[in-house]
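Chain by chain, the residues:
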Amino acid sequence: MGNRMVIWSPMFRYGKLARQAVSAMSYLAENYSQDPVSISSAEVGKERRIPTALAAKLLSQMATAGLTRGTTGPGGGYRLTRPPAEIPLAEIVNLFEREMDEYPCPFGPGWCGNGDPCPLHNDFIRLEESGSEFLKNTTLEVFTKKTGADTID
């Protein structure tokens, strides 16, 4: 895995760069409208507490992947290339995470796959599959919904 720290959670794991990319994209999703409005990387960075240079780099990488469209000059910035409901989180996360050749084993490297798997092997496989399905089936649309605190009864 290199120097990248991976976070395990009950639903899925992904690294810091992928989390920041989802965060940046969530801001574009929150502000998505049919009338294309470009949002500066500085605004995205400020609102999501991501350094401006990193926000610009992430948004640029997502433009290269076809997820955002960037414009330069006064009034320039980034916007989503498709409606939030058409962009699964997996498309974002997969840009910044590589596939794991082997799942981490609590018994140590090389345990699983060399004879009987450890007692948690199948649980880790199910966890990874569940996380993958979550990322494939969850779109940026979740960020366009207002929370209960924002609604009026």
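Everything that follows concerns the structure shown earlier in this document.
Scoring rules and cut-offs
- Residues numbered from 1 in each chain as written.
- Predicted model: local features only at pLDDT ≥ 70, side-chain atom pairs only at ≥ 80, totals over all residues.
- Heavy atoms only, no water.
- Helix = DSSP H or I, 4+ residues; strand = E, 2+ residues; numbered from the N terminus.
- Expected span 1.5 Å × (residues − 1).
- Buried < 20%, exposed > 50% of the residue type's maximum accessible area, 1.4 Å probe, protein only.
- Arc of directions from axis to C-beta.
- Salt bridge = Lys/Arg side-chain N within 4 Å of Asp/Glu carboxyl O.

## Observations concerning helix α5 (residues 121-137)
Owing to its 3.6 residues per turn, the α-helix aligns residues three or four sequence positions apart on the same side. Taking 1.5 Å of rise per residue, 17 residues should cover 24 Å, and α5 covers 24 Å from first to last C-alpha, within 8% of that figure. Considered for burial, the residues of α5 that qualify are Glu128, Gly131 and Leu135. Taken end-on, α5 shows its buried residues confined to a sector of 60°, consistent with a single buried face. Away from its buried face, by an angle of more than 90 degrees, α5 presents the exposed residues Lys136 and Asn137.

## Quick look at the pattern of salt bridges
Enumeration over the complete set of coordinates arrives at four salt bridges. In this structure, the salt-bridge partner of Arg82 is Glu91, at a minimum N-O distance of 2.8 Å. Given the relative accessible area of 24%, Arg82 is considered partly exposed. Given the relative accessible area of 32%, Glu91 is considered partly exposed. Where Asp123 meets Arg126, a salt bridge forms, and the shortest distance between an N and an O atom there is 2.3 Å. Of the two residues, Asp123 and Arg126 both sit in helix α5, three residues apart, roughly one turn of that helix.

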